[in-house]
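Tertiary structure, described
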Amino acid sequence: MKTSEEKQSEIEKARDVLFRFAIDREDIKWLMEHLPKEAAVKRNTVEYELQLLKIISVGWSISYYLANSSHKSRLLELFWTAVYEFSQQLSETTGIMIGHDLDYFQLLRDRLDMYVEAIAQRPDAPEPAIVIGPEFARTCGNVDDIFTFMTGSKMFIATIGRVKEYLETIHLE
């Protein structure tokens, strides 16, 4: 049986792994390379929104897949604190570059609220990705663009799948 210190260390390691995954851009680059040229959206917007969606999806996955775990709250707290600190640094750097304030963490909160509200509005949807895709496309500027819809859905599905797989391997009960 693991001591509470060992469990805490595992939770902190999980936070580190999940945070690094959330901000990693390799899958975003891949999705952007495979976004057809026919997509009727601004590619910069899609790329930016993919990063937001990925971070949100990791947080959502922690909450969903650890719903019955006594470690859910602690891991969520640690994860969102890391995201907040990252967001502060990013906001400061970006603010200097663009010449006005930007609150990246508030953008994440707004997008999370938007996606959660969209899912709540569609309780009949067989899975969240059905709702996330169109919301993602709408946020990118063209709710009718199937390529953008699918790109958002792919990001969400791949992210939650990877988080689920990781959480299953570390056995946080």
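Since this is a predicted model, take the numbers as computed values, not measurements.

**Here's the deal with the nonpolar core**
Ranked by size, the top nonpolar core spans 44 residues in total, and within it Leu18, Leu75 and Phe79 carry the most contacts. In terms of residue count, helix H3 (residues 43-65) provides more of this core than any other element does, eight residues in total. Apart from the residues within four sequence positions on either side, leucine 75 is in contact with Ile11, Ala14, Arg15, Leu18, Ile62, Leu66, Leu167 and Leu172.

**Some points on the pattern of salt bridges**
Scanning the entire structure with this criterion turns up nine salt bridges. Between arginine 15 and aspartate 16 there is a salt bridge, with its nearest N and O atoms 2.6 Å apart.

**Some details on helix H2 (residues 26-33)**
Within H2, burial applies to Asp27, Ile28, Leu31 and Met32. In an axial view of H2, the angular spread of the buried residues amounts to 140 degrees, which keeps them on one side of the axis.

**Considerations on the environment of serine 69**
Residue position: serine 69 is located in the loop between H3 and helix H4 (72-98). Under the relative-accessibility criterion, serine 69 is labelled buried at 14%.

**What about empty space enclosed by the protein?**
Scanning the model with the defined rule gives one cavity of 30 Å³ or more in all. The calculated volume of the largest cavity comes to roughly 60 Å³. Lining the largest cavity we find Leu53, Ile56, Ser57, Trp60, Leu112, Tyr115, Val116, Ile119, Ile132 and Phe156. For the lining of the largest cavity, the secondary structure elements donating two or more residues are H3 and helix H5 (104-121). For the lining of the largest cavity, the per-class residue count stands at nine nonpolar, one polar and no charged.

Conventions and cut-offs
Residue indices begin from 1 for each chain and proceed along its sequence in written order. Owing to the predicted nature of the model, reporting of local features is limited to residues with pLDDT of at least 70; listing and counting of side-chain atom pairs is limited to 80 or more, with chain, interface and lining totals taken over all residues. Neither water nor hydrogens contribute to the side-chain values; these are computed over all heavy atoms in the structure. For this analysis, a nonpolar core means a set of buried residues of the types Ala, Val, Leu, Ile, Met, Phe, Trp, Tyr and Cys, connected via side-chain atoms within 4.5 Å. The cut-offs for exposure are 20% and 50% of the maximum accessible area for each residue type, with area from a 1.4 Å probe on protein chains only; residues under the lower value are buried, those over the upper are exposed, and the others partly exposed. Labels follow the DSSP assignment, with helices taken as runs of H or I lasting at least four residues and strands as runs of E lasting at least two, numbered in each case from the N terminus. Contact between two residues is taken to exist if any of their heavy atoms lie within 4.5 Å; hydrogens are not considered. In the sections that follow, a salt bridge refers to a side-chain nitrogen of Lys or Arg positioned within 4 Å of a carboxyl oxygen of Asp or Glu. To be clear, the arc concerns the directions from the helix axis to the C-beta atoms. Using a grid of 1 Å spacing that covers the protein atoms alone, one calls a set of points a cavity when a 1.4 Å probe fits there but cannot get out, and a pocket when the set is open and has protein on both sides within 12 Å along at least five of seven lines; lining residues are those with an atom within 4 Å of a point. Grid points are joined across faces, edges and corners, and a volume is the space filled by probe spheres set on the points. For this classification, Asp, Glu, Lys and Arg are treated as charged, while Ala, Val, Leu, Ile, Met, Phe, Trp, Tyr, Cys and Pro are nonpolar and the rest, including Gly, are polar.

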